[in-house]
Amino acid sequence: MDWTERIAGIKRWSRNGERAPHKPLLLLYALGRFQCDGGTPIPFSTAEADLKRLLKEFGPPRDTSPGYPFHHLTSDGVWLVDTVNGPGSPGSELGRLRQSQASGRLHPDLVRALTADSRLVAHLARLLLDANFEPSLHPDICRRTGLSLELGPAPAVIAVARRDRAFREQVLMAYEYCCAFCEYDGWLDGTAVGLDAAHVRWWAFQGPDELANALCLCVLHHKLFDKGVLGLTPGRTISVSARFVGRTAVAESMVRSLSGRPVRDPQPGLDRVDLPHIDWHARQVFRQPSRAA
């Protein structure tokens, strides 16, 4: 069985470009657990809080139950759920998963493949990360799931879209090697340092490698933009999430003071960020206050 194709083909809920990384996050969590203790079953009582944190930090701004991926991943042939009553998931409702003492596990055939090829875990994890998250978030997700990607790529590959290698240089040049949020413009020995080409609509969600979907950002503001701390308004000014907490003068000057500031434009004659991409980021990434707030 080609596990690369199976993992790449996992069904995700989709509507109007909305992010739904619930199953990928559960799989990344399960792969991290495999690296730690093999293919032993994962009790829902153990996974519930971990999945809730992962979904809150790396999922879309809307609330999602950890029961959703724990149950629905069983339809993709890579995950099994058992209860005290026998094989089979009791559903996605949290009460039923708790009361039935549900536990989940990777499919035995997948466990055998992972055991036989020590590189396969890292390969499948990279596949899931690239298909669902911006690169700035990959190290954080690996730390949260306990994954190590240091074993090198597995030999099996599938045809996937590739990022444009010239994209970064085009974006940095368009913004004159200056952060569009804070105007940082550091250089070392003739090379720009600490600057990134940031996608507004994520590449994993049909965000094109085009200037109209990009900003030149310093590494700090790129991370905060991808985590939803910072966003853009339709008027192309900077938004700061009301959920962000920073108590020092540094947090005030580097983050809070950006609120309402106009985003730096690219050089004259070059494309500014398109409004549909700004709208996607506002709906799918930016951390709005919760309804209860």
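Along every chain, residues carry numbers that run from 1 in the direction the sequence is written. It should be noted that, the model being predicted, local features are given only for residues of pLDDT at least 70 and side-chain atom pairs only at 80 or more, the latter also being counted only at that level, while totals for whole chains, interfaces and linings use all residues. Working from all heavy atoms in the structure, the side-chain values ignore hydrogens and water.

### Observations regarding the pairing of strand S8 (residues 214-218)
Partly exposed describes any residue whose relative accessible area lies between the buried limit of under 20% and the exposed limit of over 50%, with all areas from a 1.4 Å probe on protein chains only and scaled to the type maximum. Comment: elements are numbered from the N terminus, with helices defined as DSSP H or I runs of at least four residues and strands as E runs of at least two. Across the five residues that make up S8, a large majority, five, are buried. Strand pairing is defined by DSSP finding a minimum of two bridges between the two strands. Looking at chain direction, strand S7 (residues 195-199) and S8 are connected through five bridges and run antiparallel. Looking across to S8, one finds that His199 is bridged to Ala214.

### Quick notes on the packing of aromatic side chains
Working definition: a ring pair exists when centres of Phe, Tyr or Trp rings (six-membered ring for Trp) sit within 6.5 Å. Plane angles under 30 degrees give stacked, over 60 give edge-to-face, the rest tilted. Counted by the stated rule, this structure contains seven aromatic pairs. Look at Trp202 and Phe205: their rings are 6.5 Å apart centre to centre, the planes differ by 55°, and that puts the pair in the tilted class. Residue Trp202 is classed as buried on the basis of its relative accessible area of 0%. Accessibility expressed as a relative area gives 6% for Phe205, which makes it buried. On the numbers, 6.0 Å between centres and 35° between planes, the contact of Phe205 with Trp280 is tilted. Here the residue Phe205 occupies a position in the loop between S7 and S8, and Trp280 occupies one in helix H12 (residues 275-284), the gap between them amounting to 75 residues. The burial state of Phe205 is the same as that of Trp280; both residues are buried.

### Description of the packing of helix H3 (residues 44-58) against helix H8 (residues 138-145)
If you want to describe how two helices pack, look at the angle between their axes and the distance between the axes. To define axes, lines are fitted to C-alpha atoms, for helices over the stretch in contact only, and angles between the resulting N-to-C directions are given on a 0 to 180 degree scale. Closest axis-to-axis distance for the H3/H8 pair is 11 Å, and the angle between their directions is 170°. Relative to H8, H3 is oriented roughly antiparallel. In contact with Leu54, Glu57 and Phe58 of H3, H8 contributes Asp140, Ile141, Arg144 and Thr145. For the contact of H3 with H8, the per-class residue count stands at three nonpolar, one polar and three charged. Each angle is binned into one of four classes, with values under 35 degrees roughly parallel, values over 145 roughly antiparallel, values of 65 to 115 roughly perpendicular, and all other values oblique. Only heavy atoms matter for contacts: two residues are in contact if any of them lie within 4.5 Å across the pair. Residues are grouped as follows: Ala, Val, Leu, Ile, Met, Phe, Trp, Tyr, Cys and Pro are nonpolar; Asp, Glu, Lys and Arg are charged; all remaining types, including Gly, are polar.

### Section: helix H7 (residues 120-132)
In an α-helix there are 3.6 residues to a turn, and that puts residues three or four apart on one side. The end-to-end C-alpha distance of H7 is 18 Å, a good match for the 18 Å that 13 residues give at a rise of 1.5 Å each. In terms of burial, H7 is a largely internal element, ten of the 13 residues being buried. What H7 keeps buried is the set Leu120, Val121, Ala122, His123, Leu124, Ala125, Leu127, Leu128, Leu129 and Asn132. What a helix is expected to span follows from its residue count: subtract one and scale by 1.5 Å.

### Some remarks on the pairing of strand S4 (residues 103-106)
Of the pairings in the sheet, the one linking strand S1 (residues 42-43) to S4 comprises two bridges and is antiparallel in character. Residue pairing for S4: Ile42 is matched across the bridge by Gly104. Direction of pairing for strand S2 (residues 79-83) relative to S4: antiparallel, over a ladder of four bridges. Following the sheet pairing, Asp82 is matched in S4 by Ser103.

Any functional reading would require information beyond the geometric quantities listed.
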